[in-house]
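Structural description and commentary
Chain residues, written in single-letter form:
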Protein chains: 2
Amino acid sequence: MAMQRTPLLMSKILDRGATVAPNEAIVTATAHGTRRQTLLETRNRAHQLAHALRAAGVAVGDRVGTFMWNGSRHLEAYHACAGMGAVLHTLNIRLSDHDLEYIIDHAQDRLIIVDADALPLLEKLKGRMPSVERIIVASEADDAPWDTGLPNPVDYEAFIAGQPTQYAWPEIDENSPLGLCYTSGTTGNPKGVEYEHRSQYLHTLTQCLTDSMNLSATDCLLGIVPMFHAMGWGLPWSALMLGCKQVMPFKYMDPARLIQLLVDEEVTVSAGVPTIWQGVKAIYEANPGKYDLSKLSRLTCGGSAPPPSLIRWYWDTLGVEMVQGWGMTETSPLATLSRRVMKRSQLKLTEDQQFENVAKAGQVMPGIEVEIFDENFNRLPHDGETVGEILVRGPWICSAYYNNPQPEKFHDGWLITGDVGKIDPEQYLIISDRSKDLVKSGGEWISSVDLENHIVALAGVAQACVVAQPHPKWDERPVALVVLKPGAEVARETILAHCASTFAKWQLPDDILYVDSIPLTSTGKMDKKVVRAKLAADGYQLPDQRG
Amino acid sequence: MAMQRTPLLMSKILDRGATVAPNEAIVTATAHGTRRQTLLETRNRAHQLAHALRAAGVAVGDRVGTFMWNGSRHLEAYHACAGMGAVLHTLNIRLSDHDLEYIIDHAQDRLIIVDADALPLLEKLKGRMPSVERIIVASEADDAPWDTGLPNPVDYEAFIAGQPTQYAWPEIDENSPLGLCYTSGTTGNPKGVEYEHRSQYLHTLTQCLTDSMNLSATDCLLGIVPMFHAMGWGLPWSALMLGCKQVMPFKYMDPARLIQLLVDEEVTVSAGVPTIWQGVKAIYEANPGKYDLSKLSRLTCGGSAPPPSLIRWYWDTLGVEMVQGWGMTETSPLATLSRRVMKRSQLKLTEDQQFENVAKAGQVMPGIEVEIFDENFNRLPHDGETVGEILVRGPWICSAYYNNPQPEKFHDGWLITGDVGKIDPEQYLIISDRSKDLVKSGGEWISSVDLENHIVALAGVAQACVVAQPHPKWDERPVALVVLKPGAEVARETILAHCASTFAKWQLPDDILYVDSIPLTSTGKMDKKVVRAKLAADGYQLPDQRG
């Protein structure tokens, strides 16, 4: 043995930020303002929470559920569970009670920490959570006094009060579980992804690389992506390790509140899905001169690809770099990333050329492999033309679902992502579509994402959603649902002519449907499953199939 | 099992740079210019070298010695050995033949790759390297034809010629050895530090953090620190992973060549000991307007602490940030680092205050622990006052020397560094001295480093070296050796008065000795062992002890 055998536990890096930057602020949005504590206070309260959880019988490996918005107490739960070796199971507040019942039972959560504000949603599960011994209710000053019929409830502050502020984090195996996050697939029950200490430790380091998200202790982070979604993209861990200021929006996700937080807290970096950034852009444009976003430096965009026109607007208007990341719950999530300049040869490119790269899903993170394969699992060339199934492997990529292996989602050590795309000679991954969202027309694939990005770049268009509709001859044909900006009028012919300037005739949508809004998933992506279901329920028929 | 069990092998990240930036340049200095190849060529040649080594009988775990300057073939040897699982033993070209004989035998090197230029030095060991089966000679176009009596010699190019350019890197245990580097201590035989795949992988990721050396694929790196010293501070690995342009100075280490390389190759980041940067500064100042260093962004300085006046000169004159790092062969080496702004609260400091921090050894890297202890191994407070022995632990810190455990250098899982220092409330490590270089006077410690930094800031002084001399009453008293700039005259009284402005009377040097130069170690640090030995050989006596 030549080097020390230090296990890669999150407890080895968790407390670091509070040590080097104890007075940095953790800011949580409230109904009418913000609530603030220091990073040292947050760390001390996390150690107290760990003591309280242990006193309540939580042992290494036990599951602790959270049913919480992004706020300081959710961060404390992250910190406490990871430190003590409990498994943080982040419950998605927006799931149906049917799915929640399944998940809580499947994970065998012993305790659930819940924001008082979300308590009524959990209340629906009364009598349907046999594994849960106790409910810990975190309430804000603005909340009405809470009352619940759920088992053995206790107030969060009472629960941790008087506990010591130093917990001796145990040395456990580095492959021990750290967190659980369930993905809601298109069919069947949600599937659990179990994060481990080693996988998350490596993910954290990688996220903080200069050539990754370039996070620094000098940053102020507004993490908008919910902490119940893929561990908030890992950002809470990175911020705790580095000692960043963190701003947490709680449930106040309307763009007006978000933009005000960006301004007031001098946020330098934020992260969320494209729809969030569409909303912030709209507020900014509607209020010329009102918002000073000069401190903001970059926005990480994930969940789905941001339209190139949106990326460019942020750069041209605000000098803000929109960083595109690609990944999923099963990939912890960061797998590839795209920034304006990612290698030396790109320094010489024009700004337009640089932004062509940002529109791609990006370059693979060190230590991760991304490849495209045909249906027989033969590797396909990186020629920027050939489209195939995207498979991923590496130390923070899922190898099996929790207590539900699903071997058909894996192949020879690789995760089958369900996304379809190509890799260009510059080694950029380009996502064509979710395989289930691709339009398969006459044996050829049409990317719904490409059509959407093109349509949304048209003046007057706020949102576009392209879905496949069944066709007796072509199997499927694309239909575009379009949301116009208030007061705008954009004719169907204008949209089709705009598409025809780039796409082949057979790739054009067969129909344009004007709608008021597009349904979103719990993670803010366009919910094409719901769109397709609604069209089916309405008895929608393609124009050339109408009687 | 929830996450993939991917071992942390260097082969998982080694080839990445050549994949994402195949056309980036690897530049090696030659007698009258440079020799260039692409990163892809370098990668392909490394795979060829691995095949040739395997054909020569090298198996996983076998030691391959290098006796080479920093150049493309040394980089290929790094790449090939790490990929195939051989152990790269970097021999220090500047060691005595006595030490080399010991080291080669202790490591049981099977092959040695040697630069033709350094062959005569290795020739002295003819008949004294029983483990060595073969010598591979790398020669440059400028070299005279080589001839050697060493066993079974072969030309490097002939050795790799015709081998395939794709080697299937084996999946070995992540704790397998990767490299060997011997440290030349003050007493006894050199001790070997064995680097492992996992330790170096984690070191590489950490070195590339924004809040560490902030390395990026957009950088052009001039690694001046020899690749035979602590794996070139790990920089070759980082640059290979990211896809940086690399410039390698070979044996041409005079400041005039180095500054020309910085200019011609548009170097953005470089790394070396303070004496190198003193030399570059002198050339720059002696040739006003001659050198355009506008591309240069930062210099990492390690090995010994750079004087604050030097740090400030680079910032004020060139806008170049001198980043101070602290570590040693036993710490892989990066343990702490100091940059101008390392946390958000420092953004508000004045430039002078920021540079006070840069003069410290810095903040500990994520995952590493640094603490100070008293002689009974009780932890000492981080008050910026209390001085103690510095101990380090973490996943890339040595736990025992190679086949020579030396348990007295370790305590309860910590490495005893041999450095003495304090930690301030901002969690900055401040090195007082090597424990063997501290002056112990009347029961108090005097830092030789503090005195040297103070003296060298005086106009007219080029270098200062403070060593202890024995004293019957005080045990030891400090003596300063001073090198003046050409033509300068600085009186002994001026130096003492300058010191008295900051230091207590009992801390002032008892004597000032004007010398022409200070002897340096093989790694470019002031060799205080030699200075002390020379004073003893000369029969030096302190002024108050002279007859």
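Criteria and thresholds
- Residues numbered from 1 in each chain as written.
- Chains lettered and ligands numbered in written order.
- Predicted model: local features only at pLDDT ≥ 70, side-chain atom pairs only at ≥ 80, totals over all residues.
- Heavy atoms only, no water.
- Helix = DSSP H or I, 4+ residues; strand = E, 2+ residues; numbered from the N terminus.
- Rg over C-alpha atoms; globule rule 2.2 N^0.38 Å.
- Buried < 20%, exposed > 50% of the residue type's maximum accessible area, 1.4 Å probe, protein only.
- Areas by Shrake-Rupley, 256 points an atom, 1.4 Å probe, with all protein chains shown as cover.
- Lys, Arg positive; Asp, Glu negative; His and termini not counted.
- Charge placed at Lys NZ, Arg CZ, Asp CG, Glu CD.
- Contact = heavy atoms within 4.5 Å.
- Buried area = accessible area lost by both parts, 1.4 Å probe.
- Salt bridge = Lys/Arg side-chain N within 4 Å of Asp/Glu carboxyl O.
- Polar contact = N/O pair within 3.5 Å; in protein donor to acceptor, adjacent residues only side chain to side chain.
- Pairing = 2+ DSSP bridges.
- Right-handed = clockwise from strand over helix to strand, strands pointing away.
- 1 Å grid on protein atoms, 1.4 Å probe; cavity = no way out; pocket = protein on both sides within 12 Å on 5 of 7 lines; lining within 4 Å.
- Points joined across faces, edges and corners; volume = space filled by probe spheres on them.
- Nonpolar A, V, L, I, M, F, W, Y, C, P; charged D, E, K, R; others polar.
- Axes fitted to C-alpha atoms, helices over the stretch in contact; angles between N-to-C directions.
- Least-squares fit on C-alpha atoms with pLDDT ≥ 70 in both.
- Domains from an automatic or database assignment.
- Core = buried A, V, L, I, M, F, W, Y, C linked by side-chain atoms within 4.5 Å.
- Parallel < 35°, antiparallel > 145°, perpendicular 65-115°, else oblique.
- Left-handed = near helix turned anticlockwise from the far one by under 90°.
- pLDDT = per-residue confidence, 0-100.

Some points on the overall build of chain A
- Helix and strand counts for chain A come out as 16 helices and 26 strands.
- Here the C-alpha radius of gyration of chain A, 23 Å, is about what a compact globule of 547 residues would show, namely 24 Å.
- Judged by the C-alpha coordinates and their principal axes, chain A covers about 70 × 55 × 55 Å.
- Evaluated residue by residue, chain A yields a buried proportion of 61% over its 547 residues.
- With an accessible surface of roughly 19700 Å², chain A has 50% of that area assigned to carbon and sulfur atoms.
- Here chain A carries 50 positive and 66 negative side-chain charges, and the mean point of each set is 2 Å from the other.

Focus on the interface of chain B and chain A
- Between chain B and chain A, the residue contacts involve 69 residues of the former and 69 residues of the latter.
- By the criterion of area lost to chain A, the three top residues of chain B are Met3, Gln4 and Arg344 of chain B, representing 17% of everything that side buries.
- At the junction of chain B with chain A, the criterion picks out 6 salt bridges.
- Between Glu196 of chain B and Arg5 of chain A there is a salt bridge, and its shortest N-O distance comes to 2.8 Å.
- If you look at where chain B meets chain A, you find 39 residue pairs in polar contact (both at pLDDT 80 or more).
- Mapped onto the side of chain B that touches chain A, the elements with two or more residues apiece are helix 1 (16–20), strand 9 (191–196), helix 7 (197–207), helix 8 (235–242), strand 16 (363–364), strand 18 (388–393) and strand 20 (414–423) of chain B.
- The leading source of residues in the side of chain B that touches chain A is helix 7 of chain B, at 6 residues.

Overview of the pairing of strand 12 (residues 269–272) of chain B
All names here are of chain B.
- Every second residue of strand 12 is oriented toward a common face, with Val269 and Ala271 on one face and Ser270 and Gly272 on the other, all of them buried.
- Here strand 12 pairs with strand 13 (residues 298–301) via 4 bridges, running parallel. Note on strand 13: the bridge partner recorded for Val269 is Arg298.
- You can see the chain leave strand 12, run along helix 10 (residues 274–286) and come back into strand 13, and the turn it takes is right-handed.

Looking at empty space enclosed by the protein
Residue and element names in this part refer to chain B.
- Under the counting rule described, the total for this entry stands at 9 cavities of 30 Å³ or more.
- Considered as a void within the structure, the largest cavity measures approximately 80 Å³ in volume.
- Contributing to the lining of the largest cavity are Asn70, Leu221, Gly223, Val225, Met227, Gly232, Leu235, Pro236, Gln246, Val247 and Met248.
- For the lining of the largest cavity, the elements supplying multiple residues, two or more each, are strand 10 (220–223), helix 8 and strand 11 (245–248).
- With 3 residues, the single largest contributor to the lining of the largest cavity is strand 11.
- Among the residues forming the lining of the largest cavity, the class breakdown is 7 nonpolar, 4 polar and no charged.
- The calculated volume of the second largest cavity comes to roughly 70 Å³.

Digging into the environment of Arg5 of chain B
- With respect to the helices, strands and loops of the structure, Arg5 of chain B is situated in the segment before helix 1.
- According to the relative accessible area criterion, Arg5 of chain B is partly exposed, its value standing at 38%.
- Setting aside residues up to four positions removed in sequence, Arg5 of chain B forms contacts with Asn175 and Glu196 of chain A.
- In this structure the side chain of Arg5 of chain B is engaged in a polar contact, spanning 3.0 Å, whose partner is the backbone oxygen of Met3 of chain B.

Brief notes about the sheet that holds strand 9 of chain B
Residue and element names in this part refer to chain B.
- Read from one edge to the other, the open sheet built from 7 strands follows the order 7-6-5-3-4-8-9, with strand pairing classed as mixed. Every interior strand has two partners, whereas the edge strands, strand 7 (154–155) and strand 9, have only one.
- Pairing between strand 3 (residues 63–67) and strand 4 (residues 87–90): 4 bridges, direction parallel. Residue Thr66 lies in a different strand from strand 4, and its bridge partner there is Thr90.
- Set on the sheet, helix 7 makes contact with strand 8 (177–183) and strand 9; between it and strand 9 the angle comes to about 75°.

With respect to the relation of the copies chain B and chain A
- Overlay of chain B on chain A (RMSD 0.1 Å): rotation 180°, translation along the axis 0.0 Å. Classification of the inter-copy transformation places it as that of a two-fold axis.
- A shared binding surface is used by both copies, with 100% of the interface residues of chain B retained as interface residues in chain A.

Let's talk about the domain arrangement of chain A
All names here are of chain A.
- Taken domain by domain, chain A comprises domain 1 (11–28 + 37–206 + 227–239), domain 2 (368–434) and domain 3 (439–545).
- Counting from both sides, the interface comprises 13 residues of domain 1 and, opposite them, 9 residues of domain 2.
- Linking domain 1 to domain 2 there are 0 salt bridges.
- Our count for the domain 1 to domain 2 interface comes out at 2 residue pairs in polar contact (both at pLDDT 80 or more).
- At the level of secondary structure, the elements contributing two or more residues to the side of domain 1 that touches domain 2 comprise helix 5 (97–107), strand 8 (177–183), strand 9 (191–196) and helix 8 (197–207).
- Tallied by class, the residues present in the side of domain 1 that touches domain 2 amount to 5 nonpolar, 5 polar and 3 charged.

Concerning the pattern of salt bridges
- Overall, the coordinates contain 66 salt bridges over all chains when judged by the stated rule.
- The partner of Glu174 of chain B in a salt bridge is Arg198 of chain A, with the nearest N and O atoms 2.7 Å apart. On the criterion of chain membership, the pair formed by Glu174 of chain B in the loop between helix 6 (156–160) and strand 8 and Arg198 of chain A in helix 8 is interchain, its members lying in two chains.
- Residue Glu174 of chain B is classed as buried on the basis of its relative accessible area of 10%.
- Among the residues examined, Arg198 of chain A registers a relative accessible area of 8% and is labelled buried.

Notes on the nonpolar core
- By size, the foremost hydrophobic cluster in this structure holds 291 residues, and its most contacted members are Leu122, Trp277 and Tyr314 of chain A together with Leu122, Trp277 and Tyr314 of chain B.
- With residues near it in sequence (within four places) discarded, Trp277 of chain A still touches Ile224, Ser270, Ala271, Gly272, Leu299, Thr300, Cys301, Leu310, Tyr314 and Met322 of chain A.

Concerning the environment of Ala468 of chain A
Residue and element names in this part refer to chain A.
- If you trace the backbone, Ala468 turns up in strand 24 (residues 461–471).
- Judged by relative accessible area, Ala468 falls into the buried class, the value being 10%.
- Distance in space between the C-alpha atoms of Ala468 and Lys251 is 33 Å, their sequence separation being 217 residues.
- Among residues more than four places away in sequence, those in contact with Ala468 are Leu438, Val439, Glu476, Arg477 and Arg532.

Here we look at the packing of helix 12 (residues 308–318) of chain A against helix 13 (residues 351–358) of chain A
All names here are of chain A.
- Viewed as axis vectors pointing N to C, helix 12 and helix 13 meet at an angle of 135°, and their least axial separation amounts to 10 Å. Between helix 12 and helix 13, the interaxial angle falls into the category oblique. Classified by chirality, the crossing of helix 13 by helix 12 is right-handed. Residue-level inspection shows Ile311, Arg312, Trp315 and Asp316 of helix 12 in contact with helix 13, the latter providing Glu351, Asp352, Phe355 and Val358.
- Each residue belonging to the contact of helix 12 with helix 13 can be placed in one class, and the counts come to 4 nonpolar, no polar and 4 charged.

Things to note about the packing of helix 8 of chain A against helix 9 (residues 235–242) of chain A
Residues and elements named next belong to chain A.
- In contact at an axis separation of 9 Å, helix 8 and helix 9 are set at 70° when each is read in the N-to-C sense. If you check the angle between helix 8 and helix 9, you find them roughly perpendicular. Taken together, the residues of helix 9 that come into contact with helix 8 (itself represented by Gln200, Thr204, Leu205 and Gln207) are Leu235, Trp237, Ser238 and Met241.

Some remarks on unusual backbone geometry
- A cis amide bond links Ser332 of chain A to the next residue, Pro333 of chain A, at an omega of 0°.
- Counting through the fold element by element, Pro333 of chain A comes out in the loop between strand 14 (321–327) and strand 15 (334–338).
- Positive phi values are uncommon outside glycine, yet Met231 of chain A reaches one of about 50°.
- Considering the arrangement of structural elements, one finds Met231 of chain A in the loop between strand 10 (220–223) and helix 9.
- Positive phi is not limited to glycine here, since Trp233 of chain B has a value of about 60°.
- The residue Trp233 of chain B is located in the loop between strand 10 and helix 8 in this model.
- For Trp233 of chain B, a relative accessible area of 8% corresponds to the buried category.

Regarding the sheet that holds strand 2 (residues 34–38) of chain A
All names here are of chain A.
- On the basis of which strands lie adjacent, the open sheet formed by 9 strands has the order 2-1-11-10-12-13-14-15-16 and mixed pairing. At either end of the open sheet lies a strand with only one pairing partner, and these are strand 2 and strand 16 (363–364).
- Two strands pair when backbone bridges link them, and strand 10 and strand 12 (residues 269–272) are joined in this way by 3 bridges, in the parallel orientation. Across the sheet, the residue bridging to Leu222 is Ser270, located in strand 12.

Topic: the confidence of the model for chain A
- With 99% of its residues at a pLDDT of 70 or more, chain A shows a mean pLDDT of 94.
- Reported confidence for the predicted complex is 0.89 by ipTM and 0.89 by pTM.

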